[in-house]
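Topology and contacts: notes
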Amino acid sequence: MTEIAVLVSFLIAFCVGSNDASNALSICVGSGIIKLKRAILLFGGLVFVGIMLQGSKVMKTVGKNLVDVNLSILIVSMTVSAFLIIFSNWRKLPLSTHQVIIGSLIDSAVAAGVNVNFSAFLKIVISWVISPFMAVGFSFVFYKVLEKTISKFSFFQIERILKVLLLLSGFLISYNTGANELATVLGPDNT
C-alpha cells in the first residue's frame, strides 16, 4: 500500500507541475523573454526553495490538522485529484490543484468515516473566497501606480520594465507552487 501511495504522490506532483508550471512561466516563455529550458530550471529551483522555506506550514495544516489521514484515504484522494487535474488539463479547463486536492481529501475522509477538522477546512475555504478579491484589489492599485509611473518613460524602457515584472511574477508563482501547491500534495504523506 505504501508503494501505491508513493506512486500516486508522484503522479499528483506531475499534475501540479503540468498545471502550475504553465501558470508561472508560460507568458515569459511564449513572449520570448526566457527560453523553455531555463524556465524549467528556474521553476524547479524556486519550487524547491518554496517548499523548503514555507511548505512545512501548509503540510502541517493539510497533513495533521485537517484530516486523520490513512493510506486508503491518501491513495483515493490523490488518485481522484490526479485524474481530475489530468482531465482538466487535457480539456484545457483551468482549475486550482490546491482546491482539487483539499476537496478530494475531505470527501475521501468523510466517505471513510474519519474525523475531519471542519474548523481548519473553513479557514481554508475562507482563504479561497478572500484571495481572489484581494488579488483584484492589489492588481487594480498596482496597475494604476504602474500606469502613472512608467508612462513617463520611453517605449524601450517600458518594455524592459514589463519584462522584468513578468519574470518576477513568474518567479513568485513558482515559489508559491512549492510553498503551497506541492506542500498540499506532500502534507498527507507527511503524517
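Since we're looking at a predicted model, the values are computed, not measured.

1. Digging into the packing of aromatic side chains
Per the stated rule, a full pass over the model turns up three aromatic pairs. Measuring from ring centre to ring centre gives 5.9 Å for F87 and W90, while their planes differ by 50°; the resulting arrangement is tilted. Note that F87 and W90 are positioned in helix α3 (residues 71–90) at a spacing of three residues, about one turn of the helix. What makes W90 exposed here is its relative accessible area of 63%. Residues F121 and W128 carry aromatic rings whose centres are separated by 6.4 Å and whose planes lie at 85° to one another, so their mutual orientation is edge-to-face. Positioned over the ring face of W90 is R91, at 5.7 Å from the centre of the ring.

2. Notes on the UniProt feature "transmembrane region" (unreviewed entry) in the chain
With numbering aligned to this structure, UniProt lists the feature "transmembrane region" (unreviewed entry) at residues 36–53, 65–87, 120–143 and 164–186. Taken end to end, residues 36–53 comprises 100% helix and 0% strand; its first and last C-alpha atoms sit 25 Å apart.

Cut-off values and rules
Residues numbered from 1 in each chain as written. Predicted model: local features only at pLDDT ≥ 70, side-chain atom pairs only at ≥ 80, totals over all residues. Heavy atoms only, no water. Phe/Tyr/Trp six-rings, centres within 6.5 Å; stacked < 30°, edge-to-face > 60°. Helix = DSSP H or I, 4+ residues; strand = E, 2+ residues; numbered from the N terminus. Buried < 20%, exposed > 50% of the residue type's maximum accessible area, 1.4 Å probe, protein only. Lys NZ or Arg CZ within 6 Å of the ring centre and 35° of its normal. UniProt positions renumbered as here; feature names shortened; annotations may be inferred.

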